[in-house]
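# Per-entry structural report
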Amino acid sequence: MTERPLILISNDDGADAQGIRELTRMLLPLGDLVVVAPDGPRSGAACSMTVTSPVSLRLLEHTDGLTRYACSGTPADCVKLALNAIVDKQPDLVLAGINHGSNTGNSVIYSGTMGAVIEGCLQGIPSIGFSVCTHNPSAADFDACMPHVTEITRRVIERGLPDGVCLNVNFPKGGVVKGFRRARACRGRWTEEYAHYTSPKGKPFYILTGKYENHEPEATDTDLYWNAQGYGSVVPVIPDLDYSGPLDIINE
């Protein structure tokens, strides 16, 4: 490439989250960065869009090679709005993260981080989501992730990704990251998802919590397995949800 790549960055933790600041710092040497992130936490937003109210942008920073905005919408809104109203050419890459908390297993379905990634992929742009497996900022060793984030990003800039494929990358919490391995999403489901409380006025309310139940704990090729071994997991994700196998209820 004769000019610096244009990289669009978003997340679901908010424009001021430590993870996105670290990701931005890591990637400044690799290209010109446009950061468009929600103005507050949007975890669990998945691929949702804002359709019943206006979406606004607020410029946070504009320096040589870096422009940052806060957006009132969802992570998917951030990518859509950036492509329609901010950048004057299609980015070479869309990145999201670094997310505080893992997006392993079926969390890709719920994740706002991956919502931004999937939106980029649907727009025909190579897209990657990065997450670290802890919600505790003090336990998230971004420095340990740095060389691997940079290497994966550099490889995708140079080689691209297969059409219609994006990447979900998760790093173990703390300590040394041994490397990264291709994996598949662990099969499982969330259980004990809501904690029940009662207000001082006696009204019940619920807070989302949950525990991930691993349905294949013996498997050695999943994201959960590799994260437990101290490696970053790289799961190729296909936004196309069509099923092409047999379906007996319909005559074919």
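Refer to the preceding data block for the structure.
The structure displayed is predicted, hence computed values, not measured ones. (Residues numbered from 1 in each chain as written. Predicted model: local features only at pLDDT ≥ 70, side-chain atom pairs only at ≥ 80, totals over all residues. Heavy atoms only, no water.)

## Re the packing of helix 2 (residues 75-86) against helix 3 (residues 112-122)
At a minimum axis distance of 7 Å, the contact between helix 2 and helix 3 shows a crossing angle of 30 degrees. Comparing the axis directions of helix 2 and helix 3 gives the class roughly parallel. As helix 2 packs across helix 3, the resulting crossing turns out to be right-handed. Packed against helix 2, whose contacting residues are Pro-75, Ala-76, Val-79 and Lys-80, the element helix 3 presents Gly-112, Gly-115, Ala-116, Glu-119 and Gly-120 at the interface. Per-class residue counts for the contact of helix 2 with helix 3 are 4 nonpolar, 3 polar and 2 charged. (Axes fitted to C-alpha atoms, helices over the stretch in contact; angles between N-to-C directions. Helix = DSSP H or I, 4+ residues; strand = E, 2+ residues; numbered from the N terminus. Parallel < 35°, antiparallel > 145°, perpendicular 65-115°, else oblique. Left-handed = near helix turned anticlockwise from the far one by under 90°. Contact = heavy atoms within 4.5 Å. Nonpolar A, V, L, I, M, F, W, Y, C, P; charged D, E, K, R; others polar.)

## Looking at the layout of surface pockets
Estimates place the volume of the largest pocket at around 620 Å³. Ser-107, Tyr-110, His-135, Trp-190 and Leu-208 are the residues nearest the centre of the largest pocket, which is lined by 22 residues in total. For the lining of the largest pocket, the class distribution of residues is 5 nonpolar, 14 polar and 3 charged. Considered as a void within the structure, the second largest pocket measures approximately 420 Å³ in volume. Every residue lining the second largest pocket is counted, 23 residues in all, and those nearest its centre are Val-108, Ile-109, Val-237, Ile-238 and Leu-241. Elements that contribute at least two residues to the lining of the second largest pocket include exactly helix 3 and strand 13 (232-237). (1 Å grid on protein atoms, 1.4 Å probe; cavity = no way out; pocket = protein on both sides within 12 Å on 5 of 7 lines; lining within 4 Å. Points joined across faces, edges and corners; volume = space filled by probe spheres on them.)

## What about a nonpolar patch on the surface?
A cluster of nonpolar residues, Tyr-194, Tyr-206 and Leu-208, forms a patch on the protein surface that exposes about 390 Å² of accessible area. Here Tyr-194 lies in strand 10 (residues 194-198). Relative accessible area serves as the criterion here: at 54%, Tyr-194 is assigned to the exposed category. (Patch = residues over 30% accessible without salt bridge, like charges linked within 9 Å, V, L, I, M, F, W, Y side chains within 5 Å. Areas by Shrake-Rupley, 256 points an atom, 1.4 Å probe, with all protein chains shown as cover. Salt bridge = Lys/Arg side-chain N within 4 Å of Asp/Glu carboxyl O. Buried < 20%, exposed > 50% of the residue type's maximum accessible area, 1.4 Å probe, protein only.)

## Details of the pattern of salt bridges
Counted under the stated rule, the structure contains 14 salt bridges. The closest approach of N and O atoms between Glu-216 and Arg-184, which form a salt bridge, is 2.7 Å. Of the two residues, Glu-216 sits in the loop between strand 12 (211-214) and helix 5 (223-228) while Arg-184 sits in the loop between strand 8 (180-182) and strand 9 (188-191), which places them 32 residues apart along the sequence. Under the relative-accessibility criterion, Glu-216 is labelled buried at 15%.

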